[in-house]
Amino acid sequence: MHDSHFAIIGGGISGLACARALIRHGHQVHLFEKSRGPGGRLASRRAPSATFDLGAQYFTARSPEFQRELETWQQANVIAAWPRSLWVCDNGEWQCKQDDQIRWVGTPRMSALTRHLSQDLDLHTQCRIEHLHREESIWWLQDDQGFRHGPFGQVILAIPAPQAQPLLTPHSLVLAKACQRIEMSPCWTAYALFETPLPALETPAPQWQAAFMNGGPLRFVTRNDSKPGRGGQGESLSLLATSEWSQAHLERDANWVATQLLEAFAERYPAPLPDAQLVNAHRWRFSQPLIGTETRPGTKAEPSGKTDRQDFQTDPCGLALCGDGMSTGRVENAWLSGHHLGNHLSTCMETTV
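Residues numbered from 1 in each chain as written. Predicted model: local features only at pLDDT ≥ 70, side-chain atom pairs only at ≥ 80, totals over all residues. Heavy atoms only, no water.

What follows deals with the overall build of the protein. A tally of regular secondary structure across the protein gives 8 helices and 20 strands. The C-alpha atoms of the protein give a radius of gyration of 21 Å, which matches the 20 Å a tight globule of 353 residues would have. The proportion of buried residues among the 353 residues of the protein is 54%. Counted over contacts in the protein with a minimum sequence separation of 6, partners at least 24 positions apart contribute 70%. By element, 47% of the accessible surface of the protein is carried by carbon and sulfur atoms, the whole surface being about 16,100 Å². (Helix = DSSP H or I, 4+ residues; strand = E, 2+ residues; numbered from the N terminus. Rg over C-alpha atoms; globule rule 2.2 N^0.38 Å. Buried < 20%, exposed > 50% of the residue type's maximum accessible area, 1.4 Å probe, protein only. Contact = heavy atoms within 4.5 Å. Areas by Shrake-Rupley, 256 points an atom, 1.4 Å probe, with all protein chains shown as cover.)

Next up on the list: the sheet that holds strand 10 (residues 129-135). Spatially, the 3 strands line up as an open sheet ordered 10-11-12, and their pairing is antiparallel. In the strand order of this sheet, the two ends are held by strand 10 and strand 12 (148-152), each with one partner. When strand polarity is set aside, the average angle formed by the axes of neighbouring strands in this sheet is 20°. The sheet contact formed by strand 11 (residues 138-143) and strand 12 spans 3 bridges and is antiparallel. Residue pairing for strand 12: glutamine 142 is matched across the bridge by arginine 148. (Pairing = 2+ DSSP bridges. Axes fitted to C-alpha atoms, helices over the stretch in contact; angles between N-to-C directions.)

Time to look at a positive patch on the surface. Taken together, the side chains of Arg36, Arg45, Arg46 and Arg115 define a basic patch exposed on the protein surface. Among the secondary structure elements, arginine 36 is positioned in the loop between strand 2 (28-32) and strand 3 (44-47). What makes arginine 36 exposed here is its relative accessible area of 73%. (Patch = residues over 30% accessible without salt bridge, like charges linked within 9 Å, V, L, I, M, F, W, Y side chains within 5 Å. Salt bridge = Lys/Arg side-chain N within 4 Å of Asp/Glu carboxyl O. Lys, Arg positive; Asp, Glu negative; His and termini not counted. Charge placed at Lys NZ, Arg CZ, Asp CG, Glu CD.)

This paragraph deals with helix 4 (residues 161-168). Within the sequence span of helix 4, burial applies to Ala161, Ala164, Leu167 and Leu168. The buried residues of helix 4 occupy an angular sector of 120° when the element is viewed end-on, so they sit on one face. Buried residues belonging to helix 4 abut strand 1 (5-9), strand 10, strand 13 (154-157), helix 5 (173-180) and strand 20 (319-322). (Arc of directions from axis to C-beta.)

Turning to the nonpolar core, a few remarks are in order. Within the largest apolar cluster, 53 residues are counted, with the highest numbers of intra-cluster contacts made by Ile8, Phe59, Trp73 and Ile156. For phenylalanine 59, the contacting residues outside a window of four places in its chain are Phe66, Leu70, Trp73, Ile79, Ile102, Arg103, Trp104, Val105, Met110, Leu113 and Val331. Trp94, Ala190, Leu201 and Leu218 belong to the second largest nonpolar core, which has 29 residues in total. (Core = buried A, V, L, I, M, F, W, Y, C linked by side-chain atoms within 4.5 Å.)

On to helix 2 (residues 64-75), then. Here helix 2 is 12 residues long and its end C-alpha atoms lie 17 Å apart, about the 16 Å a rise of 1.5 Å per residue gives. Among all positions in helix 2, only Phe66, Glu69, Leu70 and Trp73 are buried. Taken around the axis of helix 2, the buried residues stretch over an arc of 105°, which confines them to a single face. In helix 2, those exposed residues whose orientation departs by more than 90 degrees from the buried face are Pro64, Arg68 and Gln75. In the stretch just after helix 2, asparagine 77 is the one whose phi turns positive, near 60°. (Expected span 1.5 Å × (residues − 1).)

Right, let's talk about the packing of aromatic side chains for a bit. Counted according to the given criterion, the structure contains 14 aromatic pairs. Judged by centre distance (4.8 Å) and plane angle (45°), the ring pair of phenylalanine 52 and tyrosine 191 falls under tilted. Taken together, the residues phenylalanine 52 in strand 4 (residues 50-53) and tyrosine 191 in strand 14 (residues 184-194) connect sequence positions 139 residues apart. The class of phenylalanine 52 is buried, set by a relative accessible area of 0%. Residue class for tyrosine 191 comes out buried when judged on its relative accessible area of 4%. Among the aromatic residues, those joined into a cluster by ring pairs are Phe59, Phe66, Trp73 and Trp335. Lying over the aromatic face of tryptophan 82, lysine 227 brings its terminal NZ or CZ to 5.0 Å of the ring centre. Looking at arginine 252, its charged tip hangs above the ring of tryptophan 256, at a distance of 3.7 Å from the centre. (Phe/Tyr/Trp six-rings, centres within 6.5 Å; stacked < 30°, edge-to-face > 60°. Lys NZ or Arg CZ within 6 Å of the ring centre and 35° of its normal.)

Here we take up the pairing of strand 13. Both faces of strand 13 are covered, namely the face carrying Gln154 and Ile156 and the face carrying Val155 and Leu157. Two strands pair when backbone bridges link them, and strand 1 and strand 13 are joined in this way by 4 bridges, in the parallel orientation. By the bridge assignment, phenylalanine 6 is partnered in strand 13 with glutamine 154. Bridge count for strand 13 against strand 20 is 3 bridges, and the pairing is parallel. Residue pairing across strands places isoleucine 156 opposite alanine 320, the latter belonging to strand 20.

Moving on: the pattern of salt bridges. Close approach of charged atoms allows side chains with opposite charge to pair. Applying the stated criterion to the full structure yields 10 salt bridges. For the salt bridge of arginine 283 with glutamate 251, the shortest nitrogen-to-oxygen distance reads 3.2 Å. One end of the pair, arginine 283, is in strand 18 (residues 276-289); the other, glutamate 251, is in the loop between helix 6 (243-248) and helix 7 (254-268), with 32 residues separating them in the sequence. You can call arginine 283 partly exposed: its relative accessible area is 32%. Among the residues examined, glutamate 251 registers a relative accessible area of 58% and is labelled exposed. A cluster of three or more residues bridged by salt bridges with shared partners is formed by Asp53, Lys227 and Arg230.

Further remarks concern the sheet that holds strand 2. Ordered in space as 9-2-1-13-20-19, the 6 strands form an open sheet in which the pairing is mixed. With one partner strand each, in any of the chains shown, strand 9 (122-124) and strand 19 (312-315) form the two edges of the open sheet. Sheet twist, expressed as the average angle between the axes of neighbouring strands with direction ignored, equals 20°. On the sheet, helix 5 packs against strand 19 and strand 20 and is oriented at approximately 155° with respect to strand 19.

Dropping the structure here:
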């Protein structure tokens with residue numbers, strides 16, 4: 001019976017999509033996540049009077065397959081369109097960004113989406129898998145407390161490539177090399193909660209909700225309180241640094257990083273910022289895959305999501321790899337990668353029965 005049992009390491013959007021695809025085909029799935037809950041880079045942090053999105057601030061849908069999935073999320077009331085007022089700040093000059101792209105967020109917070117997708121899953125949280133063991137055709141997982149989990153017929157790694165590589169190297173040279181080819185960039189995200197609302201900008205950016213930042217350490221800033229379902233919370237910002245700045249200051253203290261990024265935003269904001277009652281930062285050591293030359297949002301057309309790279313990879317020994325690192329790093333690509341892998345493995349099993 002172990003042949004129909006799947007283990008998935010990583011509870012981000014890719015791992016959750018893979019799990020749901022496998023379950024739809026009637027398979028048993030155990031999902032292992034090192035954090036307190038699922039979400040990956042769709043993570044949120046809750047303060048007494050505010051919620052901050054720490055990773056992806058929105059996502060888009062370009063493929064018909066993902067658009068159909070979004071319809072089910074809309075029906076479940078876990079996503080909504082946002083922002084309505086998007087701007088670009090180019091070296092202090094604010095301009096409205098106008099395009100036809102619909103952007104989506106989880107509601108009432110980004111992590112609500114992944115918690116919705118994790119419903120009814122056999123989810124093991126705060127469980128960091130450190131070793132894989134194979135006994136004939138059976139896989140066992142060993143966590144950081146020394147406990148063994150299994151048996152499993154297939155193990156899927158839906159975690160950043162640098163974290164997957166040491167798990168795969170003793171067992172699959174093909175997948176380990178696939179991880180080695182994926183370079184991941186870091187990202188610092190600062191967040192701030194203010195005692196009073198930001199001063200209104202009659203010009204140049206009235207009622208702004210989010211802004212791409214060109215020039216300097218910041219690349220994107222959002223007003224969390226403007227997101228759907230958060231109208232009653234205090235004024236708060238999420239401030240995402242560029243990968244270059246994040247790499248240069250990767251090991252700095254979080255408080256120092258938060259102060260630097262907030263000061264960088266204050267230099268660009270046309271009015272004085274109110275006092276902040278909470279300022280901190282979160283480091284994503286492995287934020288996005290580097291696909292060629294990084295495109296800074298707001299300076300050129302945003303990527304279409306099209307890629308001729310395979311968005312998952314398998315090994316006949318019973319290991320598989322998926323995630324946004326196999327493609328362009330967008331939320332849509334992460335979901336497609338896991339969804340495609342789950343369907344592929346189910347089809348392979350059906351053809352061998």
